[in-house]
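Next come the chains, spelled out residue by residue.
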Amino acid sequence: MVSVVVTTVAGSATATDAFRYSAQQLPPLIYSLQPSSGSARGGETVTIYGANFQEPVKVEFSPGGVAQVVDVPPGGNQITVITPQNSVPIDADTTASVTVTSLFGTGRDQTVTKPSAFTFKAEVTTPVLYALSPNAGPIEGGTRVTIFGTGFQYPVQVLFGDREAQVVSSNFNQIVCIAPSIAPSQPGSPTVVQVQVKNILTGKVSSNTLAYRYGEAMFVSGITPNTGYILGWTPATIYGQGFVAPVQVLVDQGGIQVEAEVLSVSGTSLQVKIPPYRGVIGDQCAPVTATIKVTNLGSNLSVTGPTFTYLCSGGISGT
């Protein structure tokens, strides 16, 4: 803000903070779009990379229409949008120009257009699968899997064998989904299923399938440390595979089952606190062996693991 001074032969007058100089405004630039193609039905996430994007922004695909702006991160070098739906079906791949208007509606609008920046794919396409990442996971599912390919048209359905996966996001070339559980119907040996994609609105099913391997059933391979004080609450780590929260850990103390405190759960380890020994301690304080049992409460799958030995005070057995 600056003041303005007007001077005449009769004198001068000053208007304080009467005029605002705006900071230098550089015109927006568009470098590329990722992905650069998608379904004519729209609804897919696309990132526009460039420079000098300032909110509010307007993004328009031609043909196509105005896109929904999802995010303009600080720095002004990218815009995330949801592609618009074409008003009429298209029978062949169609290129579209993309126009970005920076500072839209502020009176200082600046516009840039990138010709042939995006390709709307033909209305009816058959999905083709290229790869899965990762292509294996535990039998209880929950693994975030990315499907790479082409011809995916929102909305899509993903099947792992006969089980439907939860779709997180999709665009013409990529689908992110959550692998479904196959427990407890197949809790045994490793199982391989075929992954298939279907474009729901057109009914087109992928021309090929890809193999996904479900690993071994739950097992416990060890516990560290495997000894602790009889008064309990010894911190320990249980190692294995297939642990899925919520998890219950029971310590069988010669027929008396006492629940351990579960601190954290990952697919291959549990952080727990071993409870005190609840049995009768005789005059001779001998070591007492207990068995660990782990149960995934969601599926009721359980496994009995290695032993944990209770020791007398100070870790010394005997009187």
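Now for a look at the structure at hand. As the structure is a computational prediction, the values presented were derived from the model and not from experiment.

Some words on the overall build of the chain
Then step 1. The secondary structure content of the chain amounts to zero helices and 30 strands.
Then step 2. For the chain, whose C-alpha radius of gyration is 32 Å, the value lies well above the compact-globule estimate of 20 Å for 319 residues.
Then step 3. If one aligns the C-alpha atoms of the chain with their principal axes, the spans along those axes are about 115 × 70 × 25 Å.
Then step 4. When the accessible surface of the chain is summed, it comes to about 16,000 Å², and 51% of that surface belongs to carbon and sulfur atoms.

Describing the nonpolar core
Then step 1. The biggest cluster of nonpolar side chains holds 44 residues, and the ones touching the most others in it are Ile147, Phe160, Ile238 and Val294.
Then step 2. Sequence-distant contacts of Val294, that is, excluding residues within four places in its chain, are made with Met218, Val220, Ile238, Phe243, Val247, Gln248, Val249, Leu270, Leu301, Ser302 and Val303.
Then step 3. Listed in part, the 20 residues of the second largest apolar core include Val46, Phe53, Val59 and Val98.

Concerning the environment of Val156
Then step 1. Mapped onto the elements of the fold, Val156 is located in strand S15 (residues 156-160).
Then step 2. As a C-alpha pair, Val156 and Glu60 span 96 residues in sequence and 25 Å in three-dimensional space.
Then step 3. The contact partners of Val156, leaving out residues within four places of it in the chain, are Val167, Ser170, Ile175, Val197, Lys198, Asn199 and Ile200.

Thoughts on the sheet that holds strand S22 (residues 219-224)
Then step 1. Pairing is antiparallel across the open sheet formed by four strands, whose spatial order is S22-S24-S28-S27. Among the strands making up the open sheet, the edge pair consists of S22 and strand S27 (261-265). Averaged over all pairs of adjacent strands, the angle between their axes in this sheet comes to 25 degrees, without regard to strand direction.
Then step 2. As paired elements, S27 and strand S28 (residues 269-274) share four bridges and run antiparallel to each other. The partner of Val265 across the bridge, within S28, is Leu270.

Definitions and limits used
Sequence positions are assigned chain by chain, starting from 1 and proceeding in written order. Local features in a predicted model are, by the rule used here, given only for residues with pLDDT of at least 70; side-chain atom pairs are given and counted only at 80 or more, and totals for whole chains, interfaces and linings are based on all residues. With hydrogens and water set aside, each side-chain value is computed from the structure's full complement of heavy atoms. Numbering of helices and strands runs from the N terminus, with a helix taken as a DSSP run of H or I at least four residues long and a strand as a DSSP run of E at least two residues long. Each radius of gyration reported is based on C-alpha atoms, and the globular scaling rule is 2.2 Å times the count of residues to the power 0.38. Note that accessible areas follow from Shrake-Rupley with a 1.4 Å probe, and for residues the cover is restricted to the protein chains shown. By nonpolar core we mean a set of buried residues, namely Ala, Val, Leu, Ile, Met, Phe, Trp, Tyr and Cys, connected to one another through side-chain atoms within 4.5 Å. Only protein chains enter the calculation, and the probe is 1.4 Å; a residue is then buried if its accessible area is under 20% of its type maximum, exposed if over 50%, and partly exposed in between. The contact criterion used is simple: two residues touch if any of their non-hydrogen atoms lie within 4.5 Å. Here a strand pair is declared whenever DSSP counts at least two bridges between the two strands. Where helices are involved, their axes are fitted lines through C-alpha atoms of the stretch in contact, as for all axes, and angles between N-to-C directions lie from 0 to 180°.

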